Amino acid sequence: MDKFEKVHGVAAPMPLINIDTDMIIPKVHLKTIKRSGLGVVLFDEMRYHDDGQENEEFILNKPAYREAEILVAGDNFGCGSSREHAPWAIKDFGIKVVISTSFADIFFNNCFKNGILPIVVGAEHHAILMDDAHKGENARMTVHLEDQQITTSDGVVIDFEIDPHRKHCLLNGLDDIGLTMEKDHHIDKFEDHASQARPWV
Amino acid sequence: MSPKTLYDKIWDAHVAHEADDGTCLLYIDRHLVHEVTSPQAFEGLRMAGRKVRAPEKTIAVPDHNVPTTPDRMNGIENPESRIQVEALDKNAKDFGIHYYPVNDVRQGIVHIVGPEQGWTLPGMTVVCGDSHTATHGAFGALAHGIGTSEVEHVLATQTLIQKKSKNMKVEITGKLQPGVTAKDITLAVIGETGTAGGTGYVIEYCGEAIRDLSMEGRMTVCNMAIEGGARAGLIAPDETTFEYVKGRPHAPKGAQWEAALTWWKTLFTDEGAHFDKVITLRGEDIAPVVTWGTSPEDVLPITATVPNPEDFEGGKVDAARRSIEYMGLKAGQKLSEVEIDTVFIGSCTNGRIEDLRAAAEILKGKKIKDGIRAMVVPGSGLVRAQAEEEGLADIFKEAGFEWRLAGCSMCLAMNPDQLQPGERCAATSNRNFEGRQGRGGRTHLLSPAMAAAAAITGRLTDVREMM
């Protein structure tokens, strides 16, 4: 996985609450057996008309936001289905940071596995960032992971929290499976114990 | 020792390693796998030259993509769906995991097959690359959905990297009124908490109304814990649970059964254990409900009217406006006057035998309204066979329902069972999101009995009028 350090880019505003993973990527695109190439169908049903033409009103189709690297989204982003195709599509589109007041649990986990940084901020800071995102392509935000800071286009600095283990993995582009396999002896030990305590499992 | 919740007990019994910052390796007892969220995980294993660590604890079944029409015996027509199912066939074989192929009578929705075959047992940790894994919590198993990277992680290591969630208690006191079911309980709870109300928590459902439910009903309740945002839902195991589990193909037998039972009987929340959040509903206050919008929290009693977006606060005002427009409804419209085109009975929420019995009870000797498309998709081949044996299939067919083979079907519409734009469906499934059952499709979530009533009248209907 690529290392995540800093993003300086356009932030797109999506104030709608409860954006679910069916909206992020509808099921017709889940039939792939690959992880790549899903950016073109990100937000498919909102982004394209029934005839396949782009919906000009949709935020990521507007000239200012076509290259967005940050998404400022409404409450409870990523709810619903566990499909990792949602973060795969977001990443493939080029978005590296999603900011909201809250995320659904599975989506939140899935982001870290794919080098996407989901940031939870309070309602007050969210309003500031949403306003900034509405300013378009000349207003670029900076997200600095090491310092855990978001800087708006006019220099307002907002601190954010992140689990230290997850931060470490993102900063170093670490693969979870490799890390866990280093703890193999703990798993062996657990299995020995469990096979005595609960042999029916 | 300080008192523990049921969640605390199961969690503590499965921590293989805990780091200083509280990050744990949680050991996984059962890993359920289906064709949509697993191909990239198996591919990852191959590329890294890794094996499945515990193939004997890994169970796969194709369900999301499979057609539910009888001609599926001749192969799957859609090439992409076929490739995914064939990939699962191959992965199951190559990695030596338990497998129920499409044409096995035991095939069905993964969350129905697991309990049915006795793979799901009290006190276990159960994961699957599917958010409705919460279903298995009905057995007092800690069960939740994971993404594909985590599927790969569990395949390779039989563990998950986790931090513990907080404890939430949802108590349903007293008795349910006639016509009110497990589905109404679980929707009413989401109506109360909102779809993010459970975020960061594992919910334990308790109270007399929960205790009184069958295992099928408990699975319906836990299934939708994820719709309330919770990582998992749990119900403490009791005699109802043990009775259901006993004798299932993969349940323990003989001395192991006795040993298991001894441990399972310790799986309850201790007196005085701490919950970070508590919600209490009176069973008597729950009515048969139906959703009006495009989020499971958009739920009201069938006797209510479509709300006015202005009555909400914050971001919900715009969301409700968008929902009502998408759903083609008007504020103030009576829900019981909303005409439907289609009825779908099935899914991991309501595709079990008890659900089919409840629907058949209403349909017996009646016909569905002219012009309504109605289908029953049993949750597994065995549910289907049992329904045929009990004469339920005949009731459905005589009423005008299509009687399908097992699969996820129109719950998420990855197979050919889909809504057309604008088509309105009364569905026993779990999500009413925009486009969920087909692009432009409109979904009203309700119980199997309510779905049957709607099929007869052609509109959303209070099932109590038919009892």
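Summary of the structure given here. Nothing here was measured: the structure is a model prediction, and the numbers come from that model. The numbering scheme is per chain: residues are counted from 1 as the chain's sequence reads. Ligands are numbered from 1 and chains lettered from A, in the order in which they are written. Whole-chain, interface and lining totals are the exception, using all residues; otherwise, since this is a predicted model, local features are given only for residues with pLDDT of at least 70 and side-chain atom pairs are given and counted only at 80 or more. Note that the side-chain values use all heavy atoms of the structure and ignore hydrogens as well as water.

Another point: the overall build of chain B. Strands are runs of DSSP state E lasting at least two residues, helices are runs of H or I lasting at least four, and both sets are numbered from the N terminus onward. When its secondary structure is counted, chain B shows 16 helices and 19 strands. Rg of the C-alpha trace for chain B: 21 Å, near the compact-globule value of 23 Å for 467 residues, within the 12% margin. Considered along the principal axes of its C-alpha atoms, chain B spans approximately 55 × 55 × 45 Å. Each residue gets one of three labels from its accessible area relative to the maximum for its type: buried under 20%, exposed over 50%, partly exposed in between, using a 1.4 Å probe on protein chains only. Sorting the 467 residues of chain B into buried and exposed places 67% on the buried side. A sequence separation of at least 24 residues applies to 76% of the contacts in chain B between residues at least 6 apart. Element-wise, carbon and sulfur atoms account for 48% of the exposed surface of chain B, whose accessible area totals about 15,500 Å². When charges are counted, neither His nor the chain ends are considered; positive counts come from Lys and Arg and negative counts from Asp and Glu. Here the site of a charge means NZ on Lys, CZ on Arg, CG on Asp, or CD on Glu. Each charge class in chain B can be summarised by its mean position, and for the 50 positive and 63 negative side chains these summaries are 2 Å apart. What the globule rule says is 2.2 Å times the number of residues to the power 0.38, and the radius of gyration is computed from C-alpha atoms. Contacts are assigned to residue pairs that have any heavy atoms within 4.5 Å of one another. The accessible surface values rely on the Shrake-Rupley method and a 1.4 Å probe; as for residues, cover is taken only from the protein chains in view.

Structurally, the position occupied by B:Pro39 is in helix H2 (residues 39–48). With sequence-adjacent residues up to four places away left out, B:Pro39 is seen in contact with A:Thr32, A:Ile33, B:Gln84 and B:Asn91.

In this section: unusual backbone geometry. Residues and elements named next belong to chain B. Notably, Gln-158 is not glycine yet its phi reads approximately 60 degrees, a positive angle. Along the chain, Gln-158 falls in the loop between helix H5 (148–157) and strand S8 (159–162). Backbone geometry at Ser-409 places phi at a positive 55 degrees, although glycine is not the residue there. Within the fold, Ser-409 resides in the loop between strand S17 (402–403) and strand S18 (424–427).

When the centres of two rings from Phe, Tyr and Trp lie within 6.5 Å, Trp using its six-membered ring, the rings pair. Their planes under 30 degrees apart give stacked, over 60 give edge-to-face, and anything left gives tilted. On inspection of all chains with the given rule, the structure shows 17 aromatic pairs over all chains. Between A:Phe108 and A:Phe112, the ring centres sit 5.2 Å apart and the planes meet at 80 degrees, which makes this aromatic pair edge-to-face. Taken together, the residues span about one helical turn, with A:Phe108 and A:Phe112 both in helix H4 (residues 105–112) at a distance of 4 residues. Like A:Phe112, A:Phe108 is buried. Ring plane angle 15 degrees and centroid distance 5.9 Å describe the contact between B:Phe396 and B:Trp403, whose orientation is recorded as stacked. Here B:Phe396 and B:Trp403 have matching classes, each one buried. Chaining the aromatic ring pairs together yields one cluster made of A:Phe77, A:Phe103, A:Phe107, A:Phe108 and A:Phe112.

Using a grid of 1 Å spacing that covers the protein atoms alone, one calls a set of points a cavity when a 1.4 Å probe fits there but cannot get out, and a pocket when the set is open and has protein on both sides within 12 Å along at least five of seven lines; lining residues are those with an atom within 4 Å of a point. Grid points are joined across faces, edges and corners, and a volume is the space filled by probe spheres set on the points. Its boundaries defined by the atoms lining it, the second largest pocket holds a volume of some 940 Å³. Lining the second largest pocket are 32 residues; nearest its centre among them are A:Leu16, A:Glu45, A:Met46, B:Arg322 and B:Glu434. Counting only elements with at least two residues in the lining of the second largest pocket, the list comes to helix H1 (21–24), helix H2 (44–47) and helix H5 (123–133) of chain A together with helix H11 (315–327) of chain B. It is H11(B) that contributes the most residues to the lining of the second largest pocket, 5 residues altogether. Under the scheme applied, nonpolar residues are Ala, Val, Leu, Ile, Met, Phe, Trp, Tyr, Cys and Pro; charged residues are Asp, Glu, Lys and Arg; polar residues are all the others, including Gly. Among the residues forming the lining of the second largest pocket, the class breakdown is 13 nonpolar, 7 polar and 12 charged.

Attention now moves to empty space enclosed by the protein. Residues and elements named next belong to chain B. Enumeration over the complete set of coordinates arrives at 5 cavities of 30 Å³ or more. The calculated volume of the largest cavity comes to roughly 210 Å³. Looking at the largest cavity, it is lined by 22 residues, and the ones nearest its centre are His-64, Asp-130, His-132, Leu-412 and Arg-436. Residue composition of the lining of the largest cavity, grouped by class: 7 nonpolar, 11 polar and 4 charged. Taken as a whole, the second largest cavity holds about 130 Å³ of empty space. Broken down by element, the lining of the second largest cavity gets its largest block of residues, 4 residues, from H11. When its residues are assigned to classes, the lining of the second largest cavity shows 5 nonpolar, 4 polar and 5 charged.

Along the chain, the position of A:His85 falls in helix H3 (residues 85–93). Take A:His85: its relative accessible area is 0%, and that puts it in the buried class. Contacts of A:His85, omitting those with residues within four sequence positions, involve A:Ile25, A:His29, A:Leu30, A:Thr32, A:Leu38, B:Val36 and B:Gln40.

Residue and element names in this part refer to chain B. Fitted lines through C-alpha atoms serve as axes, helices being fitted only where they are in contact, and the angles separating the N-to-C directions of these axes extend from 0 to 180 degrees. Two numbers describe how helix H13 (residues 353–363) lies on helix H16 (residues 448–457): the axes approach to 8 Å, and their chain directions differ by 35 degrees. Viewed along their axes, H13 and H16 form a crossing whose handedness is right-handed. Between H13 and H16, the residues in contact are Asp-355, Ala-358, Ala-359, Ile-362 and Leu-363 and Pro-448, Ala-449, Ala-452, Ala-453 and Ile-456, respectively. Here the contact of H13 with H16 is built from residues that sort into 9 nonpolar, no polar and 1 charged. Rotating anticlockwise by less than a right angle from the far helix to the near helix defines a left-handed crossing, while the corresponding clockwise rotation defines a right-handed one.

Right, let's get into the sheet that holds strand S9 (residues 166–173) of chain B. All names here are of chain B. Taken in spatial order, the 4 strands line up as S11-S10-S9-S12 in an open sheet, and their pairing is parallel. Only two strands of the sheet have a single partner each, and these edge strands are strand S11 (232–234) and strand S12 (277–282). Pairs of neighbouring strands in the sheet enclose a mean axial angle of 20 degrees, with direction left out of account. Note on pairing: DSSP must find at least two bridges between two strands before they are called paired. The sheet contact formed by S9 and strand S10 (residues 201–206) spans 6 bridges and is parallel. Across the sheet, Asn-167 pairs through a bridge with Val-202, a residue of S10.

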